[in-house]
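The chain contents come next:
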Amino acid sequence: MTRALAMMSGGLDSTLAAKLIKEQGIDVIGICFRSNFFNEKNALRMAEQIQIPLHVVDFSDDHLRIVKNPKHGYGKNMNPCVDCHALMMTYSGKLLEELNADFIITGEVLNQRPMSQNRSALDIVKNESGYSDKILRPLCAKNLPPTEMELNGLVDREKFLEISGRSRKVQMELAEKWGIIDYPSPAGGCKLTEPNYSKRLKELLEYNKEPNSSELYLLRIGRHFRVTPNCKIISTRTLDEANSIKEYLNYEDLIFFAEDYNGSMVVLIGKPTNEDIEMAAKITARYSKGKDNPKVVIKYGNFSRELNNHITVTPATDEEINKYII
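None of these values were measured; they are calculated from a predicted model.

Chemist: Got a sec to walk through the layout of surface pockets? Specific residues and values, please.
Modeler: A volume near 520 Å³ is recorded for the second largest pocket. As for the second largest pocket, its lining consists of 23 residues, and the residues nearest its centre are Asn208, Glu215, Asn230, Ile269 and Gly270. Mapped onto the lining of the second largest pocket, the elements with two or more residues apiece are helix H8 (195-207), helix H9 (213-218), strand S6 (223-228), strand S7 (231-235) and strand S9 (266-270). Classifying every residue of the lining of the second largest pocket gives 10 nonpolar, seven polar and six charged.

Chemist: Summarise the sheet that holds strand S10 (residues 296-302); cite the residues concerned and give the values.
Modeler: Strand pairing in a sheet relies on backbone hydrogen bonds, with the paired strands running either antiparallel or parallel. Strand order across the open sheet formed by six strands is S6-S7-S9-S8-S10-S11, with antiparallel pairing between neighbours. This sheet does not close on itself; its edge strands, each paired only once, are S6 and strand S11 (309-313). Pairs of neighbouring strands in the sheet enclose a mean axial angle of 25 degrees, with direction left out of account. Where S6 and S7 come together, five bridges link them in antiparallel fashion. Residue pairing in the sheet places Arg223 in a bridge with Ser235 of S7. In this fold H8 packs onto S6 and S7, with an angle of close to 25 degrees to the strand it touches most, S6. Contacting S6, S7, strand S8 (254-258), S9, S10 and S11, helix H11 (residues 274-286) runs over the sheet at an angle of about 40 degrees to S8.

Chemist: Help me get a handle on the packing of aromatic side chains, residues and values and all.
Modeler: Here the structure, examined in full by the defined rule, presents eight aromatic pairs. Relative to Tyr91, the ring of Phe33 lies with its centre 6.2 Å away and its plane at 85 degrees, an arrangement referred to as edge-to-face. Taken together, the positions of Phe33 in strand S2 (residues 27-34) and Tyr91 in helix H4 (residues 81-98) put the pair 58 residues apart, joining distant regions of the chain. The class for Tyr91 is partly exposed, based on a relative accessible area of 24%. When the ring of Phe256 is compared with that of Tyr300, the centres are 5.0 Å apart and the planes differ by 15 degrees; the resulting orientation is stacked. A residue pair is termed long-range when its members are at least 10 positions apart, and Phe256 in strand S8 and Tyr300 in strand S10 qualify at 44 residues.

Chemist: Quick one: what's the story with the sheet that holds strand S5 (residues 135-136), residue by residue and with numbers?
Modeler: The sheet built from five strands is open, its strands ordered S3-S2-S1-S4-S5 with parallel pairing. Pairing within the sheet leaves two strands with one partner each, and these edge strands are strand S3 (54-58) and S5. The pairing of strand S1 (residues 3-7) with S2 spans five bridges and is parallel. Within the sheet, the bridge partner assigned to Ala6 lies in S2 and is Gly30. Seen against the sheet, H4 touches S1, S2, S3, strand S4 (103-105) and S5 and runs at an angle of roughly 155 degrees to S1.

Chemist: Provide a residue-level description of the state of the cysteines, including the pertinent values.
Modeler: Inspection of the entire model under this criterion finds zero disulfides. Cysteine Cys32 is unpaired, with the sulfur of Cys84 as its nearest cysteine sulfur at 11 Å. Taking the relative accessible area as the measure of exposure, Cys32 reaches 1% and is therefore buried. The thiol of Cys140 is unpaired, and the distance to the nearest cysteine sulfur, on Cys81, comes to 16 Å.

Cut-off values and rules
Residues numbered from 1 in each chain as written. Predicted model: local features only at pLDDT ≥ 70, side-chain atom pairs only at ≥ 80, totals over all residues. Heavy atoms only, no water. 1 Å grid on protein atoms, 1.4 Å probe; cavity = no way out; pocket = protein on both sides within 12 Å on 5 of 7 lines; lining within 4 Å. Points joined across faces, edges and corners; volume = space filled by probe spheres on them. Helix = DSSP H or I, 4+ residues; strand = E, 2+ residues; numbered from the N terminus. Nonpolar A, V, L, I, M, F, W, Y, C, P; charged D, E, K, R; others polar. Pairing = 2+ DSSP bridges. Axes fitted to C-alpha atoms, helices over the stretch in contact; angles between N-to-C directions. Contact = heavy atoms within 4.5 Å. Phe/Tyr/Trp six-rings, centres within 6.5 Å; stacked < 30°, edge-to-face > 60°. Buried < 20%, exposed > 50% of the residue type's maximum accessible area, 1.4 Å probe, protein only. Disulfide = S-S within 2.5 Å.

Structure follows, in structure tokens:
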């Protein structure tokens, strides 16, 4: 039986591409990728809706390498989409033999994204993957030359589509037809497409060329302040953030709370000086209920230990916040 590997991002387009192939009586296995910047959560949900199995590939190390130095540059933010798609296709191609599959399908649509899905970008992705003759794009196939799979009769080209451009009308009509109702917004799963996260990542890489997964995840949480090259301050904005950040801290990190007021939990990461500790305390005071008081007592100490240290500070001013915030 003919078998295809469907690269599934967790979005609607890749789900529809997989469904189009499945409708031709072809066995389809979903392939989803996990990195520091996205995971398989949406893909699992979408694969379940069209009833196909999902194979998850963790390519975090290789993906971080191209994020730091993409051959074909970035999109609007820190998203190296062309390089990323080519890397995914390379990994998928290597799985063809392992999973006894005949070809790869993607949900790419010609000209849907001006930089990463124009004709030139699609060709670059296909050719640099190393598996150019095994890649099929069902949603826009009729806008492209026939593939080996179409010419050899493995698939019926006449049942493919010729979607082009940014309109999603055809996709939404197909989704309704097939009862696919629970799908995320386009590009909603990759942190690298988010301006604020990208700004923080770019700043982090200036000071740390080899960040670990915890440091990369922390970029998602709270307000970030760079006080010195060796230190960063993170001020949580909600109780959920305060709880979730603890999973990514170590015993050397310092945490701060206002002694007499509710407010933000603040974390100081790195090798702080006394001046860094004072600034972290000032930021803690600023984001507490005591922010309008001339002096606020702040307690602090190493993560998961007693907060036995105290310092009295003036809450950080607007000028100080604007100077250090990332």
